[in-house]
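# Per-entry structural report
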Amino acid sequence: MHLSWPGGPLRGTAQLPASKSEANRALILQALAGGGTLSNLSDAHDTQLMRRLLAAAPSTSVLDAEDAGTVMRFLTAYLTVTDWRGQLTGTPRMQERPIAVLVDALRQAGARSSYLNNEGYPPLELAGFTAAPATTGPTALAVRGDISSQYISALLMVGPRLPGGLRLQLTGHVGSRPYINMTVALMQLFGAACAAQGDTLLVQPGAYRPTDYTVESDWSAASYWYAMVALAPAGSEITMLGLRQTSLQGDQAIVAMMAHFGIETTFLPDGVHLQQHAAASESQALAFDFTDCPDLAQTVAVVAAARGILVEMTGLESLRIKETDRIDALQTELAKFGGGLREIAAGRFRAESNGFAVNGQSVATYHDHRMAMAFAPLAMRGPLTIESPTVVKKSYPQFWSELAKSGFTITAAD
Ligand SMILES: O=C(O)C1=C[C@@H](OP(=O)(O)O)[C@@H](O)[C@H](O)C1
Ligand SMILES: C=C(OP(=O)(O)O)C(=O)O
């Protein structure tokens, strides 16, 4: 797909999808509660997939989580405690994304399961669940927090179903913590007694209450509009609806990060208004830690390189096991423009550029929605091609039509 910007400021209102993180938790909690109405579920593929698989599970013995991490991890725990028997699989990439931490913990809680292919990776065979009798308090599990927080969220959500509840001890350096907090907050909303004492999480046994919930718009999706405004001509401004000032989503961190690139955010009763101020200095050096918001890293790396602002980036460890190895992908694609993401010390990267120019390059997207959406804003600086553009359907199916509505010129690649 060829993408270009005709010139002049970017203005208007952008429609966002609902958060797939909130939605996929709410769908699991709704299934465990046996009722309640969820509003503003998006048409994001990951959300629709979760909905479909939850509905299909009782009468199906093979479920395919495709490339959706939350679906794979949350269903592994949900299907375990609902005593489902069958195979849970995913795309070739999903079969490279580790799941042993979660499977080991569930086995300790009473799950019978095996790996169908490679030890520690999907596909899985789930063969039933016999919980140990609740004699001496909650089921006690310890899990490391430095690979994926999705294992922790998955275990927490089934915690009320375990005998005596769950006492979950997190070990190591915990990443993506706002996603754990989001899980706890939604569980509480659905009637669970769940509390954190430092890195110990306690879940009381009991039933969830059918609950009505309206999913917030997606802050990760909003980040691409921040990037567009950051790269657009002076005077650009965008309104986005459905975002809340008090959010469960850690990716609201984009507000503070983009302030450093001259983007002012004004909260409205139902959304935000972004405005670009030309004043941001191009020479300042910045440092951001993405431990709590890994999904923002690609957005920020691309904007930094394009603006020629040196940004030191840490907390990128989990990027290597997402939809693709996002560090490799960023390095390869930024290099096409004269940009880079250089490892300056173990775990410390620097987004940088040397004569960054956008002049018709073709961006590979590696089956990763965020590669497509993070590079698209470069069209503000020149024409480019995005390969396999339909990849955005994972979280933001209407991304390209929203760009077209805001004035981008989009034509099919030959
Ligand atoms: O729980 C969630 O909804 C998510 C947690 C994060 O993954 P990790 O915990 O693996 O970092 C994030 O990258 C992913 O997009 C969604
Ligand atoms: C990492 C992501 O998703 P998941 O882990 O749920 O596949 C993402 O959306 O960036």
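Residues numbered from 1 in each chain as written. Chains lettered and ligands numbered in written order. Predicted model: local features only at pLDDT ≥ 70, side-chain atom pairs only at ≥ 80, totals over all residues.

### Digging into the UniProt feature "active site" (unreviewed entry) in the protein
When the UniProt feature table is mapped onto this chain numbering, "active site" (unreviewed entry) sits at Asp-295. Along the polypeptide, Asp-295 turns up in the loop between strand S16 (286–289) and helix H9 (297–307). Residues within four places of Asp-295 in sequence aside, it is in contact with Ser-220, Asp-251 and Arg-370. (UniProt positions renumbered as here; feature names shortened; annotations may be inferred. Helix = DSSP H or I, 4+ residues; strand = E, 2+ residues; numbered from the N terminus. Contact = placed C-beta atoms within 7 Å.)

### Thoughts on unusual backbone geometry
Of the consecutive residues Pro-122 and Pro-123, the connecting peptide bond is found in the cis state with omega at 5°. Relative to the assigned elements, Pro-123 resides in the loop between strand S6 (111–115) and strand S7 (124–129). Even without a glycine there, the phi angle at Asp-83 is positive, about 60°. Relative to the assigned elements, Asp-83 resides in the loop between helix H3 (69–81) and strand S5 (85–89). Among the residues examined, Asp-83 registers 13 C-beta atoms within 10 Å and is labelled partly exposed. One non-glycine residue, Ser-388, lies in the positive phi region at around 45°. (Buried ≥ 20, exposed ≤ 12 C-beta atoms within 10 Å, placed from the backbone.)

### Let's talk about the domain arrangement of the protein
For the protein, the assigned domains read domain 1 (2–18 + 217–411) and domain 2 (20–214). Of note, the centres of domain 1 and domain 2, computed from C-alpha atoms alone, are 30 Å apart. Facing 19 residues of domain 1, the contacting portion of domain 2 comprises 23 residues. The residue makeup of the side of domain 1 that touches domain 2, split by class, is 7 nonpolar, 6 polar and 6 charged. (Domains from an automatic or database assignment. Nonpolar A, V, L, I, M, F, W, Y, C, P; charged D, E, K, R; others polar.)

### A short note on the nonpolar core
Trp-225, Tyr-226, Val-229 and Ala-301 are the most contacted members of the largest nonpolar core, which has 74 residues in total. At 11 residues, the largest contribution of residues to this core is made by helix H7 (residues 219–231). Every residue in contact with Ala-301, bar those within four places of it in the chain, is listed here: Met-313, Leu-330, Leu-334, Leu-341 and Ala-351. Judged by nonpolar contacts, the second largest core, of 64 residues, contains Leu-49, Leu-63, Val-143 and Leu-166. (Core = buried A, V, L, I, M, F, W, Y, C linked by C-beta atoms within 7 Å.)

### Topic: the sheet that holds S16
One open sheet accounts for 4 strands, arranged S16-S17-S19-S18; its pairing is mixed. Because the sheet does not close on itself, it has two edges, and the strands there are S16 and strand S18 (339–345). Within this sheet the neighbouring strands show an average axis-to-axis angle of 25°, counted without direction. Taken together, the 3 bridges between strand S17 (residues 311–314) and strand S19 (residues 348–353) define a ladder with antiparallel strand orientation. Looking at the pairing, Val-311 lines up with Ala-351 of S19. This element, H9, spans S16, S17, S18 and S19 of the sheet and lies at about 40° to S19. (Pairing = 2+ DSSP bridges. Axes fitted to C-alpha atoms, helices over the stretch in contact; angles between N-to-C directions.)

### So, the site of ligand 1
Near ligand 1 you find 13 residues, and of these Ser-21, Ser-148, Ser-149, Ser-176 and Tyr-179 are the closest. At the level of elements, H3 and helix H5 (149–158) are the ones that each hand at least two residues to the shell around ligand 1. Top contributing element to the shell around ligand 1 by residue count: H5, with 3 residues. For the shell around ligand 1, the domains that each give at least three residues are domain 1 (2–18 + 217–411) and domain 2 (20–214). (Near = placed C-beta within 6 Å.)

### Side note on the pairing of S19
With 6 bridges connecting them, S18 and S19 associate as antiparallel partners. Counted as the bridge partner of Ala-345 is Arg-348 from S19. Connecting S18 to the antiparallel partner S19 that follows it, the hairpin turn spans 2 residues, and Gly-347 within it adopts a positive phi of roughly 80°.

### Structural notes on the site of ligand 2
Neighbouring ligand 2 are the residues Ala-68, Gly-69, Thr-70, Asp-295, Lys-322, Glu-323, Arg-370 and Ser-395. Of the residues assigned to the shell around ligand 2, the class counts are 1 nonpolar, 3 polar and 4 charged.

### Comments concerning the pairing of S16
Of the pairings in the sheet, the one linking S16 to S17 comprises 4 bridges and is parallel in character. Each bridged residue has a counterpart across the sheet, and for Leu-286 the counterpart in S17 is Val-311. The parallel pair S16 and S17 is bridged by H9, and the resulting crossover is right-handed. (Right-handed = clockwise from strand over helix to strand, strands pointing away.)

### Considerations on helix H4 (residues 100–109)
What H4 keeps buried is the set Val-101, Leu-102, Val-103, Ala-105, Leu-106 and Ala-109. Looking at the buried residues of H4, the elements they touch are H3, S6, S7, strand S8 (139–144) and H5. Among the residues trailing H4, Gly-110 stands out with phi positive, at a value near 125°.

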